[in-house]
Amino acid sequence: MARTPIIAGNWKMNLNHVEATGLVQKLAWTLADKQFDGKKVDAVVIPPFTDLRTVQTLIDGDRMPLQLGAQNVSQHDSGAYTGEISADMLAKLQVKYVVVGHSERREYFGETDEVIGAKAKKVIEAGMTPIICVGEGLDIRKEGRHVEYTLAQVRGTLEGLTAEQVAGLVIAYEPVWAIGTGEVATPDDAQEVCGAIRQEVASLYDEATAESVRIQYGGSVKAGSIAQIMAQPDIDGALVGGASLQAEEFAAIVRFYDLPA
Ligand SMILES: O=C[C@H](O)COP(=O)(O)O
């Protein structure tokens, strides 16, 4: 079965709930103008926690062809974890996707593969889909160890998940040196690692699981680069940062199939 492409816009710590309303409305108008109905591509917006209720109400009320995502989640169910948000709280807001293990969380908040794997498990148990982020820094890339480094993160974060669970999730390959820098990995660079991730899933689980898991590329994706990236056999979507804050640019990325490769 063909994998449905998934284009997700991670807003990071940008836009309050009032600004979020403006962006989502503009995005929906732009997509409607282009007859986008959300059937061909999963189009996901991932705002900060404080915007989720507002954006959910808009998507729901206006039947926008958008799905909702969150940027993080607690690995605990409930209790004395001040400042944390549980998977059940997100599911109740009709959140469908949750980013876990973004490189910024690994770097600034010390998240390990073990913690990320535990978060992914909570997301799945709450009926949502984790977007598990992996990817190497510049030093590792220069040493030529990017594939083995990224695959070690894949093994570390998937540990304990069943084949059925892995088949339904999303893995985002984001080389850290390409995030927010304007440096896009070439389509071949991105395919090399995304292909290796799919093979690793096949050897950890089986071919059917590897064929089903969706793999995104992330790192300075723009409308001008998305078509070539999406033309790669093992890339099923993109995790977009900066460009997802501009409605027209993000709408063009969502409709990558209309752009020349
Ligand atoms: O989650 C998104 C990635 O970190 C990519 O961010 P960027 O598109 O601003 O490089």
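Residues numbered from 1 in each chain as written. Predicted model: local features only at pLDDT ≥ 70, side-chain atom pairs only at ≥ 80, totals over all residues. Heavy atoms only, no water.

1. Examining helix 2 (residues 52-61)
Now for step 1: When helix 2 is considered as a whole, its buried residues turn out to be L52, V55, Q56, L58 and I59. Down the axis of helix 2, the buried side of the element spans an arc of 165°, and every buried residue falls inside it. Residues of helix 2 that are exposed and point more than 90 degrees away from the buried face comprise R53 and G61.
Now for step 2: Here the buried face of helix 2 lies against helix 1 (17-33), strand 2 (42-46), strand 3 (67-70) and helix 3 (87-92).
Now for step 3: Just downstream of helix 2, R63 is the residue with a positive phi angle, here 45°. (Buried < 20%, exposed > 50% of the residue type's maximum accessible area, 1.4 Å probe, protein only. Helix = DSSP H or I, 4+ residues; strand = E, 2+ residues; numbered from the N terminus. Arc of directions from axis to C-beta. Contact = heavy atoms within 4.5 Å.)

2. Thoughts on unusual backbone geometry
Now for step 1: With a phi angle near 55°, K12 is a residue other than glycine that sits in the positive phi range.
Now for step 2: Position of K12 among the secondary structure elements: in the loop between strand 1 (6-10) and helix 1.
Now for step 3: In this model, S220 sits at a positive phi of 55°, which is unusual for a non-glycine residue.
Now for step 4: By secondary structure assignment, the location of S220 is in the loop between strand 7 (214-218) and helix 11 (223-230).

3. Let's talk about the UniProt feature "active site" (unreviewed entry) in the chain
Now for step 1: Per the UniProt entry, the sites bearing "active site" (unreviewed entry) are H102 and E174 in this numbering. In terms of the greatest pairwise C-alpha distance, the residues named above, spread along 73 residues, form a tight cluster of at most 8.5 Å across.
Now for step 2: Within the fold, H102 resides in the loop between strand 4 (97-100) and helix 4 (103-109).
Now for step 3: Given the relative accessible area of 4%, H102 is considered buried.
Now for step 4: For H102, the contacting residues outside a window of four places in its chain are N10, K12, C133, E174 and I179. (UniProt positions renumbered as here; feature names shortened; annotations may be inferred.)

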